[in-house]
Amino acid sequence: TIALLTGASGFIAGHVLKILLEKGYTVRATVRSTSKADYLKTLYPADAKLSFAIVEDIAAPNAFDEAVKGVDVIVHTASPFHFKITDPVKDLLDPAIKGTTSILQAAKNFAPQVKRIVITSSFAALIDASKGDWPEHTYSEADWNPVTWEEAIGNNPSTNYRASKTFAEKAAWDFLEKEKPNFTITTINPPLVWGPMVHDVTPETVNTSNANIWTLVNGSQASVPPAHVPAWVDVRNVAEAHVNALETSKAENQRYFIVAGKFTYKEISDIVLKNFPELNGKVPTEGAISTKKVYDVDNSKSKADLGIQYISLEQSVIDLTKQLVNWVK
Ligand code: NDP
């Protein structure tokens, strides 16, 4: 089976790529530059069934028309996840939304053999910010972020990002309904994703979600921060969900909330200090111990359909911190 994987230089995609190759897929990976392709090649044996297509900007018209040719399945992860934005439309909304519709259109036009497309969406497409802590609610695949376009283009970077994921996912479901393509889609909707990094990244290039743990352990915070989004999942489970979704018919035209559970940064700082005593003095221990109740999360559908066995917070934090301690040194 030939799989097209977009955004292969990313944190989550790095793990998806690893699993696809381990499972025997032939992978065509898209990255933005030949230097990124050259680097990724060094992570795998020379005879790995891995090739690359350069897609500099997923928002560009017809970005994927060449990359899709000849593939059997598609995993679309590429989408900007950062808050360094000057123009929410150009920096976040366009690449998220146009990137999604353009890969679907390319598959329909140039790869009629494609039957399955898995798209990385987000808890951002489920959460309703206006409801706040919403203690009586349990988030699941049934929820949709009601963000409006007016809010999407406003000056709140967190809303800009969440809207980019919401409108991108909506665009995918709309495409399916209007265009009636040969393929089905599955969306993977994780909250904050943590865990070990496959790629050799640095404190400057660490992805947005792992940066939350990095800043907790590197001595830059005086007190334990509050968790604005108190739900998390390990990157290995997220990657596994993408690949399992390609392989089970149960996942056809389904969304999956891939969530291990809830957390507080106090729990994480306790795990870090218990397992990495050398970080004593750097990791904050005081503050943000809140007893207020927040919404619950339901991962039962992902367990039932995709067979996900969730990695514990302790394991995830330990495995990531093993890499982060080298940066502290
Ligand atoms: P990364 O920043 O590590 O990965 C993002 C990937 O998208 C990179 O490969 C990046 O390429 C690529 N990309 C972004 N914008 C463009 C563009 N305009 N043109 C081409 N490529 C682009 O983050 P993650 O791995 O965390 O994110 C992957 C996906 O997971 C995203 O869709 C994100 O929204 C989603 N997600 C992430 C969560 C998290 O907590 N990490 C939670 C929920 C969803 P390059 O590196 O070259 O810029």
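Refer to the structure presented above.
All residue numbers refer to positions counted from 1 along the written sequence of the respective chain. In view of the model being predicted, local features appear only for residues whose pLDDT reaches at least 70, and side-chain atom pairs are presented and counted only at 80 or more, with totals across whole chains, interfaces and linings using the full set of residues. Note that the side-chain values use all heavy atoms of the structure and ignore hydrogens as well as water.

Peer 1: Kindly report on the packing of aromatic side chains, identifying the contributing residues and their values.
Peer 2: The pairing test for Phe, Tyr and Trp rings, Trp by its six-membered ring, is centres within 6.5 Å, and the orientation test on the planes gives stacked under 30 degrees, edge-to-face over 60, and tilted for anything in between. As enumerated under the stated definition, the model contains 15 aromatic pairs in all. Taking 5.3 Å as the distance between ring centres and 80 degrees as the angle between the ring planes, the aromatic pair formed by tryptophan 149 and phenylalanine 167 counts as edge-to-face. Of this pair, tryptophan 149 sits in helix H4 (residues 149-152) while phenylalanine 167 sits in helix H5 (residues 157-179); the two residues are 18 residues apart in sequence, bridging distant segments of the chain. Working definition: with a 1.4 Å probe on protein chains only, accessible area under 20% of the residue-type maximum means buried, over 50% means exposed, and in between means partly exposed. With a relative accessible area of 19%, phenylalanine 167 lands in the buried category. Ring geometry for phenylalanine 175 against phenylalanine 183: centres 6.3 Å apart, planes inclined by 10 degrees, an arrangement best described as stacked. Across the pair, phenylalanine 183 and phenylalanine 175 agree in class, each one buried. Each helix corresponds to a stretch of at least 4 residues labelled H or I by DSSP, and each strand to a stretch of at least 2 residues labelled E; elements are numbered beginning at the N terminus.

Peer 1: Talk me through the site of the ligand; I want residue IDs and the actual numbers.
Peer 2: Around the ligand, a shell composed of 28 residues is seen, among which Ser9, Arg32, Lys36, Tyr161 and Lys165 lie nearest. Measuring from an oxygen atom of the ligand, one finds a backbone N or O atom of phenylalanine 11 at 2.8 Å. The term polar contact refers here to a pair of N or O atoms within 3.5 Å; inside protein, the definition further demands a hydrogen-donor-capable atom paired with an acceptor-capable atom, and it admits residues adjacent in sequence only when both atoms are side-chain atoms. A distance of 2.8 Å separates a nitrogen atom of the ligand from a polar atom in the side chain of serine 209. Here the ligand has 890 Å² of accessible area as a free molecule, and 88% of this is covered by the chains. Residues belonging to the shell around the ligand are distributed by class as follows: 13 nonpolar, 10 polar and 5 charged. Nearness is defined per residue: one heavy atom within 4 Å of the molecule or strand is enough. Working definition of accessibility: Shrake-Rupley area with a 1.4 Å probe, residue cover restricted to the visible protein chains. The nonpolar class holds Ala, Val, Leu, Ile, Met, Phe, Trp, Tyr, Cys and Pro. Asp, Glu, Lys and Arg form the charged class, and all remaining residues, Gly among them, are polar.

Peer 1: Before we move on, can you summarise the packing of helix H3 (residues 88-110) against H5 with the specific residues and values?
Peer 2: It is at 9 Å that the axes of H3 and H5 come closest, and there the two elements cross at 20 degrees. Regarding the angle of H3 to H5, the classification is roughly parallel. Between H3 and H5 lies a crossing whose hand is right-handed. Side by side, H3 and H5 meet where Pro88, Leu92, Leu93, Ala96, Ile97, Thr100, Thr101, Leu104, Gln105 and Lys108 of the first sit next to Pro157, Asn160, Tyr161, Ala163, Ser164, Phe167, Ala168, Ala171, Ala172, Phe175 and Glu179 of the second. Only C-alpha atoms enter the line fits that serve as axes; for helices the fit covers just the stretch in contact. Angles between N-to-C directions range over 0 to 180 degrees. Small angles under 35 degrees read as roughly parallel and large ones over 145 as roughly antiparallel, with 65 to 115 read as roughly perpendicular and the rest as oblique. Crossings are classed by handedness, with left-handed meaning an anticlockwise turn of the near helix from the far one by less than a right angle and right-handed meaning a clockwise turn. In this description, contact between two residues means that some pair of their heavy atoms is separated by no more than 4.5 Å.

Peer 1: Go over the pairing of strand E5 (residues 116-120) with me, naming the residues and quoting the values.
Peer 2: Of all 5 residues in E5, 5 are buried, a share of seventy percent or more. Every second residue of E5 is oriented toward a common face, with Arg116, Val118 and Thr120 on one face and Ile117 and Ile119 on the other, all of them buried. Handedness of a crossover: with both strands directed away from the viewer, a clockwise path from the first strand across the helix to the second marks it as right-handed. Tracing the backbone out of strand E4 (residues 73-76), into H3 and back to the parallel element E5 gives a crossover that is right-handed. Note that E5 and strand E7 (residues 184-189) share 5 bridges and pair parallel. When the bridges of E7 are listed, isoleucine 119 appears paired with threonine 187. Paired strands, in this sense, are two strands between which DSSP finds at least two bridges.

Peer 1: Quick rundown of the sheet that holds E4? Include the residues and the values.
Peer 2: Pairing within the open sheet is parallel, and its 7 strands lie in the order E3-E2-E1-E4-E5-E7-E10. Each edge of the open sheet carries a strand with a single partner, namely strand E3 (50-54) and strand E10 (254-257). Each strand of the sheet is rotated relative to its neighbour by a mean of 20 degrees, with strand direction disregarded. Bridge analysis of strand E1 (residues 2-6) against strand E2 (residues 26-31) gives 4 bridges, and the strand direction is parallel. Looking at E2, one finds that alanine 3 is bridged to valine 27. Sheet strands in contact with H3 are E1, E4, E5 and E7, and its direction is about 175 degrees off that of E4. Along the sheet face, helix H7 (residues 235-247) touches E4, E5 and E7 and points at about 160 degrees away from the line of E5.

Peer 1: Could you give me a rundown of the sheet that holds strand E11 (residues 261-262), with the residues and numbers involved?
Peer 2: Consider a sheet: its strands pair through backbone hydrogen bonds, and that pairing is either parallel or antiparallel. One open sheet accounts for 3 strands, arranged E8-E9-E11; its pairing is mixed. The two strands at the open ends of the sheet, each matched to only one other strand, are strand E8 (192-194) and E11. Relative to E11, strand E9 (residues 231-234) is paired through 2 bridges, and the arrangement is antiparallel. The partner of tryptophan 232 across the bridge, within E11, is glycine 261.

Peer 1: Give me the packing of helix H1 (residues 11-22) against H7: which residues, what numbers.
Peer 2: Running from N to C, H1 and H7 point in directions that differ by 55 degrees, and their axes come no closer than 8 Å. Considering the angle they form, H1 stands oblique to H7. Crossing of H1 over H7 shows right-handed handedness. Residues Phe11, Ile12, His15, Val16, Ile19 and Leu20 of H1 form the contact with H7, whose own contacting residues are Val235, Arg236, Val238, Ala239, Glu240, His242, Val243 and Leu246. Each residue belonging to the contact of H1 with H7 can be placed in one class, and the counts come to 10 nonpolar, 2 polar and 2 charged.

Peer 1: Describe H5, with residues and values.
Peer 2: A helix is expected to reach a length of 1.5 Å times the quantity of its residues less one. End to end, H5 covers 32 Å across 23 residues, agreeing with the expected 33 Å (1.5 Å per residue, within 8%). In this structure asparagine 156 caps H5, since a side-chain oxygen of it lies 3.0 Å from the backbone nitrogen of serine 158. Positioned one or two residues after H5, lysine 180 has a phi angle of 40 degrees, which is positive.

Peer 1: Before we move on, can you summarise the pattern of salt bridges with the specific residues and values?
Peer 2: One side-chain nitrogen of Lys or Arg within 4 Å of one carboxyl oxygen of Asp or Glu is enough to make a salt bridge. Applying the stated criterion across every chain, the model contains 13 salt bridges. A salt bridge links aspartate 319 to lysine 322; the nearest nitrogen and oxygen atoms lie 3.6 Å apart. One end of the pair, aspartate 319, and the other, lysine 322, are both in helix H10 (residues 313-328), 3 residues apart, so they sit about a helical turn from each other. Exposure remark for aspartate 319: the relative accessible area of 13% places this residue in the buried category. Within the structure, one salt-bridge network assembled from shared partners comprises Asp234, Arg236, Asp319 and Lys322.

Geometry only, nothing functional implied.
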